[in-house]
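Residue-level structural notes
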12 protein chains.
Amino acid sequence: MKILVIHGPNLDLLGQREIDIYGKFTLAEIDAALQKLGQELKVEVKAVQLAGEGEICKQIGAAGQEYAAIIINPAAYTHYSVAIRDAVAGCQIPVIEVHISNIYAREEFRHKSVIAPVAVGQVSGFGMNSYLLGLRAAVDLLKK
Amino acid sequence: MKILVIHGPNLDLLGQREIDIYGKFTLAEIDAALQKLGQELKVEVKAVQLAGEGEICKQIGAAGQEYAAIIINPAAYTHYSVAIRDAVAGCQIPVIEVHISNIYAREEFRHKSVIAPVAVGQVSGFGMNSYLLGLRAAVDLLKK
Amino acid sequence: MKILVIHGPNLDLLGQREIDIYGKFTLAEIDAALQKLGQELKVEVKAVQLAGEGEICKQIGAAGQEYAAIIINPAAYTHYSVAIRDAVAGCQIPVIEVHISNIYAREEFRHKSVIAPVAVGQVSGFGMNSYLLGLRAAVDLLKK
Amino acid sequence: MKILVIHGPNLDLLGQREIDIYGKFTLAEIDAALQKLGQELKVEVKAVQLAGEGEICKQIGAAGQEYAAIIINPAAYTHYSVAIRDAVAGCQIPVIEVHISNIYAREEFRHKSVIAPVAVGQVSGFGMNSYLLGLRAAVDLLKK
Amino acid sequence: MKILVIHGPNLDLLGQREIDIYGKFTLAEIDAALQKLGQELKVEVKAVQLAGEGEICKQIGAAGQEYAAIIINPAAYTHYSVAIRDAVAGCQIPVIEVHISNIYAREEFRHKSVIAPVAVGQVSGFGMNSYLLGLRAAVDLLKK
Amino acid sequence: MKILVIHGPNLDLLGQREIDIYGKFTLAEIDAALQKLGQELKVEVKAVQLAGEGEICKQIGAAGQEYAAIIINPAAYTHYSVAIRDAVAGCQIPVIEVHISNIYAREEFRHKSVIAPVAVGQVSGFGMNSYLLGLRAAVDLLKK
Amino acid sequence: MKILVIHGPNLDLLGQREIDIYGKFTLAEIDAALQKLGQELKVEVKAVQLAGEGEICKQIGAAGQEYAAIIINPAAYTHYSVAIRDAVAGCQIPVIEVHISNIYAREEFRHKSVIAPVAVGQVSGFGMNSYLLGLRAAVDLLKK
Amino acid sequence: MKILVIHGPNLDLLGQREIDIYGKFTLAEIDAALQKLGQELKVEVKAVQLAGEGEICKQIGAAGQEYAAIIINPAAYTHYSVAIRDAVAGCQIPVIEVHISNIYAREEFRHKSVIAPVAVGQVSGFGMNSYLLGLRAAVDLLKK
Amino acid sequence: MKILVIHGPNLDLLGQREIDIYGKFTLAEIDAALQKLGQELKVEVKAVQLAGEGEICKQIGAAGQEYAAIIINPAAYTHYSVAIRDAVAGCQIPVIEVHISNIYAREEFRHKSVIAPVAVGQVSGFGMNSYLLGLRAAVDLLKK
Amino acid sequence: MKILVIHGPNLDLLGQREIDIYGKFTLAEIDAALQKLGQELKVEVKAVQLAGEGEICKQIGAAGQEYAAIIINPAAYTHYSVAIRDAVAGCQIPVIEVHISNIYAREEFRHKSVIAPVAVGQVSGFGMNSYLLGLRAAVDLLKK
Amino acid sequence: MKILVIHGPNLDLLGQREIDIYGKFTLAEIDAALQKLGQELKVEVKAVQLAGEGEICKQIGAAGQEYAAIIINPAAYTHYSVAIRDAVAGCQIPVIEVHISNIYAREEFRHKSVIAPVAVGQVSGFGMNSYLLGLRAAVDLLKK
Amino acid sequence: MKILVIHGPNLDLLGQREIDIYGKFTLAEIDAALQKLGQELKVEVKAVQLAGEGEICKQIGAAGQEYAAIIINPAAYTHYSVAIRDAVAGCQIPVIEVHISNIYAREEFRHKSVIAPVAVGQVSGFGMNSYLLGLRAAVDLLKK
């Protein structure tokens, strides 16, 4: 069983930018932690970082053939990308939305996710752990 | 006389996703129907599917040199892509907006098209036939 | 097979008023073009122009007994007539909404159609041709 | 030179209903005062009271053939009748909007006139005198 | 003592259209039930169905001379007819607003009644029984 | 067959406070009138007055085991208590919302009921009689 | 009997600026026309042009001791000066609001007058004639 | 180390009401699952269900003396209880918000949590598992 | 002469929570200061802290029999409790609203008090002194 | 220690205008009461009335050199004068906002103070006493 | 060639107030820098600081006779002064709007400039340098 | 010292499209003018035109390693690209936003920049010169 993790735009800069908001860890550290938990939960985890909205749509559109679930941190696209929303809505595998920071404790425009209504659920505010909780949630869903 | 048809993001999945909204036909079937009608109307039809907003802008920007009109289904970008709007507004050939589903019978956020104000006109809600009506509209415009 | 065409308020003045918006053609010319296309498509077309909201409701309510489809240009009523919307929603035959001008390129209040959510689809912005495209759409629907 | 005065819905009840808002005078008294001022200003005044939106549209649409100007108190239709607005906008003679009460001193929804943007001007709040001032305004316009 | 019942636009189609919303009963059945309850409560009931906004205004304006109260289901006009609102406000007899369906459980735009603020009260959601409860309410008011 | 009547906060002060809005009758008088009508309609009526939102939720949650229907005047909670809305929505017996005053003729914030969308129907504006009409509506529903 | 005319900010530039909106006449020409009509109507007219909001408030506050009515064109202050509104509301003589251009045919923010609700009435859109109609309205009011 | 779990209003009815939204499991089953996971994670879990806003505030206010963290499903109060928000904001231990259903896939008014901005984070949409993920998140936070 | 002081939810935690907003003083210190000033002004002061909305309504409803005025800090309920508003509106003794912090210098949602329109007046932003100024205001009112 | 009191526009008319809102006392009476209380509290009070927004800004800008605090009733400017807000924000001495009437019990547009967020606090609704309470608040602040 | 620089209200306090927002430099230092750059660019620069909205209107209205361009920092008036907007719109010389701070990085209400739509352009956020860039822009415009 | 200039989507068409809005100059002419001014100011300027949102994010993310500042004309992305906003916010070098046209003099939706709040400053409306002023601003910032 394989699970796809999609990191949205600017997340390649984790650990360098705005560490008071996002923490000091890097994307590589998140991916390592996901790999470790994946082994523990006996699922294969594949992580990609993509800056383009179109590229993310394509990945989601194609994912159903290879993966059993998607964990996505849409980053800035969370708040306006109807294209990613439509990709998620049209996807036959469960999609879980995660956020490193608590998006509800930030600027007003970050309180709205256009993707959440078509995702299974959302985990927000636990730093790197949001991904790990999202992975557990995905595995629990697939076990049912 | 050549006419360019642009299919926006996620339309490559037609026939697989949400068939209660979009119908069972595939993108290939739309393109075949467009070719057939093109022959009948004596115009050459070229169709492309593009997921990236930037790519769509580039296609529209370059189209004037080769095509006499554009038929575009901007899909999710309909509702927020000012970039595509600006490409359409700056384009010297007529652009016609089409939608497979009736966007006014769906979620509130789909009722607004940022592109419609700069298109010649819009055809919405007739399934695959929206494209064919759009093609007829384009040919009629060019004949005037 | 008979198709009813309803022209809303003020459309009797086409060709006299605001020709930069609506064009120079008259209502009689539209009706003649509809008759011609109707013959070509082998459907009988009946067109009426009605100024009263109540009269339009009555026509729509009664149409199912005689007609197979309705093409309506609700004109100003497009933007607020819940009465016509309810008549359309309660009607057992398909209703297609057409507009001569591109309503999305005009004043903000014209961007919203209260009727579109209950129509099959909408054609907007192609001048007299919007009606003809609407007639084709109706015939295609009925052939399915 | 003839001037048409159109009284909108419910104005036939003037003098009977809500006299704290509209005053004690009747529609007949307004019409008599208009006749008297018309004679003084050497114009022929014709006044009609119409309850139906469609009927008002038809009167405005036809007025250009017989009258030189219209004075209209659209009453309740002031606030939502795009149909009357379109009739006024498409009319080739000047249209002046008048109100007995000060619509800006009443409920919020009465502060907006959808007709004012396409009228020549508006007179509001002077009781029966609003009509007389409107008639003077019309005659002054026509004299220019 | 006579009571006027006014059925607004499209209510003539009850029992034929959208029966999941409005139920299977017809307008004739409502009127029969009103007659029966009228006899029980010793009032004469007169019911009319009117599609035109202007006609409804005229009926309300004239009702005070013959009737002791009005029960009105303004149907679609509920949500925007300031003309009917003004007729009700100017009327010297009590007016009771009734709705077959629960308008608050339907589309957002049906949640607002422009007439309710000037009616005595409103009964909504009890199917045909809304009229009967309205009739009882009227009779109780008149008995006080 | 037993029917539960719930009076929301501050209704214990009826007859003492704001009698121009709520009338001179007391809660005891409403309850006596309900008892009398209950006997006539052959149902047992139990009435409680509760100030706390949580207490009202508990009563509604438990009511299904003993009562066949609920008549509720949520008073101030009408306008914001999603907790009571959820209790009503989750309740397996019909719930009818009643209001003494015409809430649509008062301050803007009283025009919205968050409970109405999940109630069977609403009766508003008939003074004490709103409860009696609500009781009749409940009994009629249960008889079907 | 004396009447005060107050011209608000920037009106000293009439005839020089934006003549497509305001016309070619100058403030001196308006004042001359007012004098002429004043003589005809047998009232003394005094006109001042003031750029400062505070100065206008002071003039209005003091006017009651000398003048019988005020005609004011608040110009830009129309749309936000609560200070002038309060001065008008507190003033014991009638105040009439006039506008040269049709403020409802211009930018959205010019459609709202914060002063109109406390004025007797408003005349808008008749060019220089708006002042003259306002003067007639004032004299008529004072004669009653 | 002890962790407090607070279930808000109406959650005592889980498994009985709206099982298409909330699932078939009962509150007792959630609590048993929390106990089991608590043992695994070596924390003591105490769960309470409270219907009253005031009671929830008191529990949160007092929790700091006995518990190391709070997991709260504020249910309906999520959307408006500033009182609970203030209790959470003033609390010296971390508070985690959980929801059984995906609140972003439900009615518009459920998309806003007034509590989320002052919680550490939020888990929404995973059914009973939302609580278990919340418990893991709490334990992970406390281990840091 | 007795005066009731009501402290709303979470105010029992003063001095422990968010001292940068609310200051370091405790509720006991406020009550002591009120007692001291009460003696100086020769009124008896009784203070209670209540977390429940229903309890606060009951206290206000009953207060008229024993107290001459109420000073209330509704805390979080300030912003949404129509129930407390209605209790205040229905109360026959004057009610004064006080706030420790300047609610207008905090989050947007704290700028609106639903209670202020029915209170005599409001004192906000002076820390513990807001209560003392409120007490003086109450005593001054009662002396008139 | 000197304290500056600034009375905004139109307050010179107190006692003459709208006495149902503002009371019968005059500005001179307020100033006398302030002088009397100032003597009692051992501070020197200087009061000025200013109609111009710019003049008020200048007074506030210069006050820090001579005064220890400012008490301001910005009157109509309360609701829109960002200029006065900026003067207050840039001022190094405490500024207290006072209102004679309860601004929250009046028109909607008076509920918002653009100045309150940068003042120390606000006293509203106690008539002339609002100034005296403001003076006490200022003296208490300065004593700390 | 002469250029007029207008500094709006409160700018005389630069260097003393809120230096974290506006910087430590004084108005005199800005004027000196403008003089220096003016000499370099061979234009004469005249700078004035004005607190009154009316005074600013008058300066702008008169400027065309002496100056070739205006550079204005409208300060607080930026956000609401339609009077200054109208003065700018009516002015025959180019007007450039400058801001010391980045108004888009401050409170929401500072994001909107009512003057920008009628200015040539805007420079915002570069501290004292915004003026110097504005001066260059003006000179470049005049050179064309 | 090197400075990166980023031109957003559709700017490659400058000089061909909508020249009444954007002017007749081409992108190559802007770049030449930037080179020339760069030499004068002794900085190296590198300019790129990018249509894709993701590509622009990547360029900004990587720029800090090679460039000292960024000048960006985000074109259509200005109004909605939170992705570019986040890239700018996370960037360790100063970013200056420029616009050829005066975005505040165009359609309402162009008045809002989601990027401006995280940029250093903005220059808008000076045609090609906006870039040159932006370059000067950047160099001045770096010199400090």
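Residues numbered from 1 in each chain as written. Chains lettered and ligands numbered in written order. Predicted model: local features only at pLDDT ≥ 70, side-chain atom pairs only at ≥ 80, totals over all residues. Heavy atoms only, no water.

**Description of the relation of the copies chain A and chain H**
Superposition record for chain A on chain H: RMSD 0.0 Å, screw rotation 180°, translation along axis 0.0 Å. Here the two chains are linked by the operation of a two-fold rotation axis. Residues of chain A ranked by C-alpha distance from the rotation axis are headed by Val123 of chain A, positioned 2.3 Å from it. Of all interface residues in chain A, 100% are interface residues in chain H too; the two copies therefore contact each other through one and the same surface. (Least-squares fit on C-alpha atoms with pLDDT ≥ 70 in both. Contact = heavy atoms within 4.5 Å.)

**As for the packing of helix H2 (residues 27–41) of chain I against helix H5 (residues 129–143) of chain I**
All names here are of chain I. Their axes nearest at 10 Å, the elements H2 and H5 cross at an angle of 30°. Relative to H5, the element H2 lies roughly parallel. Crossing geometry of H2 relative to H5 is assigned as right-handed. Residues Ile30, Ala33, Leu34, Leu37, Gly38, Glu40 and Leu41 of H2 form the contact with H5, whose own contacting residues are Tyr131, Leu132, Leu135, Arg136 and Val139. (Axes fitted to C-alpha atoms, helices over the stretch in contact; angles between N-to-C directions. Helix = DSSP H or I, 4+ residues; strand = E, 2+ residues; numbered from the N terminus. Parallel < 35°, antiparallel > 145°, perpendicular 65-115°, else oblique. Left-handed = near helix turned anticlockwise from the far one by under 90°.)

**Quick word on the side chain of Asp86 of chain D**
On the secondary structure map, Asp86 of chain D appears in helix H4 (residues 82–89). The class for Asp86 of chain D is buried, based on a relative accessible area of 6%. At 2.9 Å, the side chain of Asp86 of chain D forms a polar contact with the side chain of Arg110 of chain C. Asp86 of chain D has contacts with Asn10, Arg17, Glu18, Tyr22, Ala76 and Arg110 of chain C, leaving out every residue within four places of it along the chain. (Buried < 20%, exposed > 50% of the residue type's maximum accessible area, 1.4 Å probe, protein only. Polar contact = N/O pair within 3.5 Å; in protein donor to acceptor, adjacent residues only side chain to side chain.)

**Here's the deal with the environment of Glu66 of chain F**
Residue and element names in this part refer to chain F. Locating Glu66 in the fold gives a position in the loop between helix H3 (53–63) and strand S3 (69–73). Linking Glu66 and Lys2, residues 64 residues apart in sequence, is a C-alpha distance of 7.2 Å. Of note is the side chain of Glu66, whose polar atom sits 2.4 Å from the side chain of Lys2.

**Remarks on the pairing of strand S4 (residues 95–99) of chain L**
Residue and element names in this part refer to chain L. With 5 of 5 residues buried, S4 lies mostly within the body of the structure. Residues Val95, Glu97 and His99 point to one face of S4 and Ile96 and Val98 to the other, with burial holding for every one of them. As defined by bridge partners, strand S3 (residues 69–73) adjoins S4 across 3 bridges and the pair is classed as parallel. Directly across from Ile71, in S4, lies its bridge partner Ile96. In terms of handedness, the path from S3 via helix H4 (residues 82–90) over to S4 forms a crossover that is right-handed. Sheet topology note: the S4/strand S5 (residues 121–124) ladder contains 4 bridges and is parallel. Across the sheet, residue Glu97 finds its bridge partner in S5, namely Gln122. (Pairing = 2+ DSSP bridges. Right-handed = clockwise from strand over helix to strand, strands pointing away.)

**Description of helix H5 (residues 129–143) of chain J**
Residue and element names in this part refer to chain J. Here H5 spans 21 Å end to end across 15 residues, near enough to the 21 Å set by a 1.5 Å rise per residue. Of all 15 residues in H5, 11 are buried, a share of seventy percent or more. Those residues of H5 not exposed but buried are Asn129, Ser130, Tyr131, Leu132, Leu133, Gly134, Leu135, Arg136, Ala137, Ala138 and Val139. (Expected span 1.5 Å × (residues − 1).)

**A closer look at the interface of chain C and chain B**
On the chain B side, the residues contacting the 19 residues of chain C number 19 residues. Across the chain C/chain B interface, buried area totals approximately 1700 Å², and carbon plus sulfur atoms make up 54% of it. Counting the contacts that link chain C with chain B gives 11 residue pairs in polar contact (both at pLDDT 80 or more). At the level of elements, strand S5 (121–124) and helix H5 (129–143) of chain C are the ones that each hand at least two residues to the side of chain C that touches chain B. For the side of chain C that touches chain B, the per-class residue count stands at 11 nonpolar, 6 polar and 2 charged. Bridge count for strand S5 (residues 121–124) of chain B against S5 of chain C is 3 bridges, and the pairing is antiparallel. Residue pairing in the sheet places Gln122 of chain B in a bridge with Ser124 of chain C of S5 of chain C. (Buried area = accessible area lost by both parts, 1.4 Å probe. Nonpolar A, V, L, I, M, F, W, Y, C, P; charged D, E, K, R; others polar.)

**Considering the environment of Tyr77 of chain H**
With respect to the helices and strands, Tyr77 of chain H occurs in the loop between strand S3 (69–73) and helix H4 (82–89). Spatially, the C-alpha atom of Tyr77 of chain H lies 8.6 Å from that of Val114 of chain H, the residues being 37 residues apart in sequence. Discounting chain neighbours no more than four positions away, the residues touching Tyr77 of chain H are Glu53, Gly54 and Ala83 of chain F together with Pro9, Ala51, Gly52, Glu53, Ile56, Ile84, Val114 and Ile115 of chain H.

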